[in-house]
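Commentary on secondary and tertiary structure
Below are the chains, spelled out letter by letter.
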Amino acid sequence: MLIDYHMHTELTDGTGRPADYARVAVERGLDEIGCSDHAPLAERETDWTMKKSDLETYVNWVREAQAKFPQLPIKLGLEVDYVPGCEDWVRELAAMYPWDFFLGSVHYLGEFPVDRSAKDWETENVEARWREYFELWKKAARTRLFDSLSHPDLPKKFNFRPTTDFTSVYDDALGAVAESDVAIEVSTAGLRKPCREIYPSEPFLKIARRLNVPITLGSDAHIPQDVGAEYGKAIALARSCGYDKVCRFTLRKRDLVKL
Ligand SMILES: [Zn+2]
Ligand SMILES: [Zn+2]
């Protein structure tokens, strides 16, 4: 099964509508896709998240794509930011529509944007930021508000990496994920970023496999042409780490299918 569960639309920082992504998915022979545009934040509006008033349009666009491409299962999802204190809002959001899945993401450490620009990282204590990121990521898992955690080692995006061994940090973070029975995403987006690497790295994914953490696959497409981008590499990495199954979600219930 080729499944892409991570893509955006023109309501946020993407281009096009779900039907445009579905068309490319059909052309590329994908078996299933999931739309996962950036959910509105609880307390503020940004230029990269939906407004609360956009949700209905978003859901209607996904329904339109489903009607237009009946041969392709198209799941209704959201990429939801984990910000401490946001839990009630995420629950409220979950009750609004019959969502199939929520991706949980950590894009901000307080005011610090993890993935906005290399410049933001230049003056930072890289190792401290990485630790802070995984602490928050762990908390996100423990809320059990998300079905899969996106782009697990996002702080590597601009190639600012810790110089010490992070195995114990990964072990600890993935331990929390395993306990919480959440999946993690294998994302090809990193291949298109300065780090030129799939999220997460091979050592990280091997630990996840050892702890029986299930995976979802995603391109994090912001343009329709990126749907299923470089999936051969993602599948090869997942297989080399011992995975032979991926998750699918329907109304937030998980099932595993052959990779
Ligand atoms: Zn993201
Ligand atoms: Zn995304």
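Residues numbered from 1 in each chain as written. Chains lettered and ligands numbered in written order. Predicted model: local features only at pLDDT ≥ 70, side-chain atom pairs only at ≥ 80, totals over all residues. Heavy atoms only, no water.

Before going further, it helps to examine the coordination of the zinc ion (ligand 1). Coordination of the zinc ion (ligand 1) by the protein comes from Glu79 (OE), His107 (NE2) and His151 (NE2), over a distance range of 2.1 to 2.2 Å. Within one chain, the residues donating to the zinc ion (ligand 1) are spaced in sequence as E-x27-H-x43-H. If you look at the zinc ion (ligand 1) and the zinc ion (ligand 2), they sit 3.5 Å from each other and are both ligated by Glu79. In this pair, Glu79 sits in strand β3 (residues 74–81) while His151 sits in the loop between β7 (148–149) and α6 (167–180), placing the two residues 72 residues apart along the sequence. Look at His151 and you get buried, because its relative accessible area is 2%. (Donors = N, O, S within 2.8 Å, 3.2 Å for Na, K, Ca; no water. Helix = DSSP H or I, 4+ residues; strand = E, 2+ residues; numbered from the N terminus. Buried < 20%, exposed > 50% of the residue type's maximum accessible area, 1.4 Å probe, protein only.)

Time to look at the coordination of the zinc ion (ligand 2). Only His6 (NE2), His8 (NE2), Glu79 (OE) and Asp220 (OD) from the protein coordinate the zinc ion (ligand 2), and they sit 2.0 to 2.3 Å from it. Each of the four donor atoms around the zinc ion (ligand 2) contributes to a set of angles spanning 82 to 168 degrees, which defines the coordination as irregular. Read in sequence order, the donor residues for the zinc ion (ligand 2) give the motif H-x1-H-x70-E-x140-D. Residue Asp220 is classed as buried on the basis of its relative accessible area, which comes to 9%. (Tetrahedral: all angles 85-135°; square planar, octahedral: opposite > 155°, others 65-115°.)

This part is about the pattern of salt bridges. Taken as a whole and judged by the stated rule, the model has 21 salt bridges. When the shortest N-O distance is used, the salt bridge between Glu197 and Arg161 registers 3.2 Å. In this pair, Glu197 is assigned in the loop between β8 (183–187) and α7 (202–210) and Arg161 in the loop between β7 and α6, connecting sequence segments 36 residues apart. On the basis of relative accessible area, Glu197 is assigned to the partly exposed category, the value being 25%. A salt bridge links Asp181 to Arg254; the shortest N-O distance between them is 2.8 Å. Note that Asp181 is positioned in the loop between α6 and β8 and Arg254 in strand β11 (residues 253–258), a separation of 73 residues in sequence. With a relative accessible area of 49%, Asp181 lands in the partly exposed category. Because the salt bridges share partners, they merge into one network encompassing Asp153, Lys156, Arg161 and Glu197. (Salt bridge = Lys/Arg side-chain N within 4 Å of Asp/Glu carboxyl O.)

All right, on to the packing of α6 against α7 then. At a minimum axis distance of 10 Å, the contact between α6 and α7 shows a crossing angle of 40 degrees. Here α6 is positioned oblique relative to α7, judged by the angle of their axes. Both α6 and α7 take part in a crossing whose hand is right-handed. Listed contacts from α7 to Thr167, Tyr170, Asp171 and Leu174 of α6 are Phe204, Ile207, Ala208 and Arg210. Among the residues forming the contact of α6 with α7, the class breakdown is five nonpolar, one polar and two charged. (Axes fitted to C-alpha atoms, helices over the stretch in contact; angles between N-to-C directions. Parallel < 35°, antiparallel > 145°, perpendicular 65-115°, else oblique. Left-handed = near helix turned anticlockwise from the far one by under 90°. Contact = heavy atoms within 4.5 Å. Nonpolar A, V, L, I, M, F, W, Y, C, P; charged D, E, K, R; others polar.)

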